[in-house]
Amino acid sequence: MSKIVEMYTDGACRGNPGKGGWGVLLRYAGREKRLYGGELMTTNNRMELTAVIEGLKALTRHGCEVHITSDSRYVLSGITEWLPNWKKRNWKTAGKKPVMNADLWVELDELAALHQIQWNWVKGHSGHAENDIADALANQGIDEMPAN
């Protein structure tokens, strides 16, 4: 039986746009890895996407079965519903406007294609232990950024 990689992701922003951070909790075969980072000027949605991207980049093998849990409806709706049509329309929305954060969506699409992914949504700040850890990591990404 194949082992499943569990990935919990979150993004945070102080000001939107403003200082942002992303956090990832990875679990596999009884081991745990925590990742985080930040950017000086970004948006919450960019940080939510970056968390998933960085989590997928951290995987050392292709073809993993990955269960990704996020509190971002933007990420989950984008990857499971909107993305195929954006690609068909050459990264334009139904209203013929450029897709916001297309650079990150392209990267996420490429990384996601390397694995078998189950996407799961969880309500943020609801006492879900792993989501709370991912949120704390995202805030750590902001807190540990240089002041300038």
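Residues numbered from 1 in each chain as written. Predicted model: local features only at pLDDT ≥ 70, side-chain atom pairs only at ≥ 80, totals over all residues. Heavy atoms only, no water.

A. Examining the packing of aromatic side chains more closely. What the rule picks out here adds up to 5 aromatic pairs. For the pair Trp-86 and Trp-105, a centre-to-centre distance of 5.2 Å together with 65 degrees between the ring planes defines the contact as edge-to-face. Taken together, the residues span a long stretch of sequence, with Trp-86 in helix 2 (residues 73-88) and Trp-105 in helix 3 (residues 102-112) at a distance of 19 residues. A relative accessible area of 8% means that Trp-86 is categorised as buried. Trp-105 sits in the buried class, given a relative accessible area of 0%. Three or more aromatic residues joined by ring pairs make a cluster, and in this case those are Tyr-74, Trp-82, Trp-86, Trp-91 and Trp-105. For Arg-73, the ring lying beneath its charged end belongs to Trp-121, and the centroid distance is 3.6 Å. (Phe/Tyr/Trp six-rings, centres within 6.5 Å; stacked < 30°, edge-to-face > 60°. Helix = DSSP H or I, 4+ residues; strand = E, 2+ residues; numbered from the N terminus. Buried < 20%, exposed > 50% of the residue type's maximum accessible area, 1.4 Å probe, protein only. Lys NZ or Arg CZ within 6 Å of the ring centre and 35° of its normal.)

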